Amino acid sequence: MGKKNTRYTVIGAGNGGKAMAAHLAIMGFDVTLYNRTSENIAAIQARGGITLESQDPAGPRGFGRLTRVTSDMKVAIENCEIVMIVTPAFAHYDIARKAAPFLQSGQVVVLNPGRTLGAIEFKRVLDQEGCQNGVTVAETQTFIYASRSDGPTQARIFRIKDAVPLAALPATKTSIVLGKLASAYPQFIDGGDVLQTGINNIGAIFHPTISILNAGWIEATNGGFQFYLDGVTPTVARLMEVLDRERVTVASAVGVRAKTAREWLKMAYNADGDNLHDAIHNHPGYRGINAPPTLTHRYITEDIPMSLVPIASLGNHYGVSVRGMESIIRLACIAHQTDYWRRGRTLERMGIKHLSVSELTRYVTGRSTHQMPIHARHPKLAPISVTRIEQAREVNSQKLLEEESLAEDNVNLSENTISNNPL
């Protein structure tokens, strides 16, 4: 399909939505921009588009003329093939409910990003609203742009990421989605499945933990310090490592090999160190990034209910101790006088609480056969600890080595037999 024949709708006219809509239009696509509040897009509507600048001299720039700018969901959905949702994750539920009556078979919805298990929640709402007509829902692990708004009709892109994992629900449709997006976003790559994209959401560990543990400093200085450098002391980093081990263990319990925070820093930024504190401080890209000016910030209001709660909920359901995560969630609830468990993506809210690990794996992959995770083979075991997971891996590795050794012995025996009995 030629790029100019593909019709996109971008949901959300914040920093990211404006950057994406303008870039798509400059690339030659038919683009509709939707925002629920008409006042926020009035200037764009009057001007007919968005001016895009790039920090990179070779980056995209120019005037992106939009085909439609609307606050009418029906108009936005009916005039596109691909829906790119670029809003905070806590808005996904309402967007799914409002879009459900208008979505049609063959359309693709992409959450940019899904945070943790966003695609599962979105699909659950569509099902509840009676939208069961073959719409494909996918999510990205992170947002492709680093961008900001320079004015009512202006946007600026600082960086476009080289590779962004994406997964559809189920994963058997991922290649189809990647194919549809390839002409606009060759940076999207196969992310496995939505468990992998969601649990590998490193922001779930970094953002809330640093914010909560620096609450006093944030309020005293209005965020006047470097978030990742001044805010990540050796003690804060050690606490982050505890939460990260819990996240990796939750992943193991549902059959996912998650990257540790240190592995992610090495992969994404080539930042390394003997521990998480050193790895973070060795990343030059974190220099100059100040803390949020207030605790009422998406690092808590979005990343607690939409990132940390679903990971902790998986842990609680499948027998993994997540006391570190629960502590950060509890402190956030107290600080904001709200129940982030009730507002967050729990397994019950997403309609997957009744699923065993094997059933959950089949649901996200769309495949009937797969390697059964250890916890699924032994559902009555006591809560899984990091130590027991590592012991299980050692046992499995030893068995594999024994099998390889036995196979090698058999091969040697066969070779000796042949040499002693030539044809």
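These lines cover the structure that appears in this document, whether it is placed above or below. What you are looking at is a predicted structure, and each value in this text was computed from that prediction instead of being measured.

1. Quick notes on the overall build of the protein
Consideration 1: Counting its secondary structure elements, the protein contains 20 helices and 12 strands.
Consideration 2: Split into buried and exposed, the 423 residues of the protein put 50% on the buried side.
Consideration 3: Across the protein, every contact between residues at least 6 apart in sequence was considered, and the portion connecting residues at least 24 apart equals 70%.
Consideration 4: With an accessible surface of roughly 19400 Å², the protein has 49% of that area assigned to carbon and sulfur atoms.

2. With respect to the nonpolar core
Consideration 1: Core analysis: the largest hydrophobic core is formed by 85 residues, its most contacted members being Leu 103, Phe 122, Phe 206, Leu 265, Ile 280, Ile 304 and Leu 360.
Consideration 2: Counting residues per element, this core draws most heavily on helix H10 (residues 234–253), which supplies seven residues.
Consideration 3: If we skip the residues at most four places from it in the chain, Ile 304 touches Pro 208, Tyr 299, Val 309, Pro 310, Ile 328, Ile 329, Ala 332 and Tyr 340.
Consideration 4: If you look at the next biggest cluster of nonpolar residues, it comprises 39 residues, including Val 86, Ala 138, Leu 166 and Leu 178.

3. Thoughts on the environment of Arg 61
Consideration 1: Looking at where Arg 61 falls in the secondary structure, it is placed in the loop between strand E3 (49–54) and strand E4 (62–65).
Consideration 2: You can call Arg 61 partly exposed: its relative accessible area is 36%.
Consideration 3: Distance from Arg 61 to Thr 51, taken between C-alpha atoms, is 7.5 Å for residues 10 residues apart in sequence.
Consideration 4: When sequence neighbours within four positions are dropped, the list of residues in contact with Arg 61 reads Ile 26, Leu 52, Glu 53, Ser 54 and Asp 56.

4. Overview of the packing of aromatic side chains
Consideration 1: Counted under the stated rule, the structure contains nine aromatic pairs.
Consideration 2: Aromatic pair Trp 217 and Phe 225: ring centres 4.1 Å apart, planes at 5°, arrangement stacked.
Consideration 3: Aromatic side chains Phe 227 and Tyr 228 sit 5.0 Å apart centroid to centroid with 85° between the ring planes, which places their arrangement in the edge-to-face category. Across this residue pair, the class does not change: Phe 227 and Tyr 228 are buried.
Consideration 4: Chaining the aromatic ring pairs together yields one cluster made of Phe 143, Tyr 145, Tyr 185 and Phe 188.

5. Side note on the side chain of Asn 35
Consideration 1: Examined against the element boundaries, Asn 35 turns out to sit in the loop between strand E2 (30–34) and helix H2 (42–47).
Consideration 2: Residue Asn 35 is classed as buried on the basis of its relative accessible area, which comes to 11%.
Consideration 3: Within the structure, the side chain of Asn 35 is placed 3.1 Å from the backbone nitrogen of Ala 13, a separation counted as a polar contact.
Consideration 4: There is a polar contact of 3.1 Å between the side chain of Asn 35 and the backbone oxygen of Thr 37.
Consideration 5: What Asn 35 contacts, discounting residues up to four positions off in sequence, is Gly 12, Ala 13, Asn 40, Ile 41, Thr 70 and Ser 71.

6. Quick notes on the pattern of salt bridges
Consideration 1: Counted under the stated rule, the structure contains 14 salt bridges.
Consideration 2: A salt bridge links Arg 61 to Glu 53; the shortest N-O distance between them is 3.6 Å.
Consideration 3: Where Glu 121 meets Arg 345, a salt bridge forms, and the shortest distance between an N and an O atom there is 2.8 Å. Of the two residues, Glu 121 sits in helix H5 (residues 118–128) while Arg 345 sits in the loop between helix H16 (340–343) and helix H17 (347–350), which places them 224 residues apart along the sequence.
Consideration 4: Its relative accessible area of 1% is what places Glu 121 among the buried residues.
Consideration 5: Judged by its relative accessible area of 0%, Arg 345 is buried.
Consideration 6: Taken together, the shared-partner salt bridges connect Glu 121, Arg 345 and Arg 349 into one network.

7. What about the sheet that holds strand E8 (residues 136–140)?
Consideration 1: The eight strands lie next to each other as E5-E2-E1-E6-E7-E8-E11-E12, forming an open sheet whose pairing is mixed. The open sheet terminates on both sides in strands that have one partner only, identified here as strand E5 (68–70) and strand E12 (188–190). Across the sheet, the mean angle separating the axes of adjacent strands is 25° when strand polarity is ignored.
Consideration 2: As judged from the five bridges shared by strand E1 (residues 7–11) and E2, these two strands associate in the parallel manner.

8. Regarding helix H15 (residues 323–336)
Consideration 1: Its 14 residues give H15 an end-to-end C-alpha distance of 20 Å, which sits within 8% of 20 Å, the value for a rise of 1.5 Å per residue.
Consideration 2: By the burial criterion, the buried members of H15 are Gly 324, Met 325, Ile 328, Ile 329, Ala 332 and Cys 333.
Consideration 3: Turning to H15, the residues buried within the fold contact helix H8 (203–213), H10, helix H13 (298–301), helix H14 (303–317) and H16.
Consideration 4: Immediately beyond the C-terminal end of H15, within one or two residues, lies Gln 337, with a positive phi of roughly 50°.

9. Structural notes on the packing of H8 against H14
Consideration 1: Between H8 and H14, the least distance of the axes is 9 Å, while the angle of their chain directions is 125°. Classified by the angle between their axes, H8 and H14 sit oblique to one another. H8 and H14 meet at a crossing whose hand is left-handed. The segment H8 lies against H14, with Gly 203, Ala 204, Ile 205, His 207 and Pro 208 engaging Asp 303, Ile 304, Ser 307, Leu 308 and Ile 311.
Consideration 2: Taken together, the residues of the contact of H8 with H14 break down into six nonpolar, three polar and one charged.

10. Remarks on the packing of H10 against H15
Consideration 1: It is at 8 Å that the axes of H10 and H15 come closest, and there the two elements cross at 120°. In terms of orientation, H10 lies oblique with respect to H15. Of H15, the residues touching H10 (which contributes Leu 243, Glu 246 and Arg 247) are Arg 323, Gly 324, Met 325 and Ile 328.
Consideration 2: Residue classes in the contact of H10 with H15 are distributed as three nonpolar, one polar and three charged.

Rules and cut-offs
- In this convention, every chain numbers its residues from 1, walking through the sequence in written order.
- Confidence filtering applies because this is a predicted model: local features only for residues at pLDDT of at least 70, side-chain atom pairs given and counted only at 80 or more, and all residues used for totals across whole chains, interfaces and linings.
- Hydrogens are left out, water is left out, and the side-chain values use all remaining heavy atoms of the structure.
- Each helix is a run of H or I in the DSSP string that is no shorter than four residues. Each strand is a run of E no shorter than two, and both are numbered from the N terminus.
- Burial here depends on accessible area, computed with a 1.4 Å probe over protein chains only, as a share of the maximum for the residue type. Under 20% is buried, over 50% is exposed, and the range in between is partly exposed.
- In this description, contact between two residues means that some pair of their heavy atoms is separated by no more than 4.5 Å.
- Each accessible area value is a Shrake-Rupley result obtained with a 1.4 Å probe; residue values ignore everything except the protein chains displayed when judging cover.
- We define the nonpolar core as a collection of buried residues of types Ala, Val, Leu, Ile, Met, Phe, Trp, Tyr and Cys that are connected through side-chain atoms lying within 4.5 Å of one another.
- The criterion for an aromatic pair is that two Phe, Tyr or Trp rings (for Trp, the six-membered ring) have centres within 6.5 Å, with stacked assigned to planes under 30 degrees apart, edge-to-face to planes over 60 apart and tilted to the rest.
- Pairing of N or O atoms within 3.5 Å defines a polar contact, subject to two protein rules: one partner must be a possible hydrogen donor and the other a possible acceptor, and residues neighboring in sequence count only if both atoms are side-chain atoms.
- Take a side-chain nitrogen of Lys or Arg and a carboxyl oxygen of Asp or Glu: if they are within 4 Å of each other, that pair is a salt bridge.
- Two strands pair if DSSP finds at least two bridges between them.
- An axis is simply a line fitted to the C-alpha atoms; with a helix, the fit covers only the stretch in contact. Between two such axes, the angle follows the N-to-C directions and lies from 0 to 180 degrees.
- Expected span, for any helix, means 1.5 Å times one less than how many residues it has.
- By definition in this entry, angles of less than 35 degrees are roughly parallel, angles greater than 145 are roughly antiparallel, angles of 65 to 115 are roughly perpendicular, and the rest are oblique.
- Less than a right angle of anticlockwise turn of the near helix away from the far helix marks a crossing as left-handed, whereas a clockwise turn marks it as right-handed.
- Any residue outside Ala, Val, Leu, Ile, Met, Phe, Trp, Tyr, Cys, Pro, Asp, Glu, Lys and Arg is labelled polar, Gly included; the first ten of those are nonpolar and the last four are charged.

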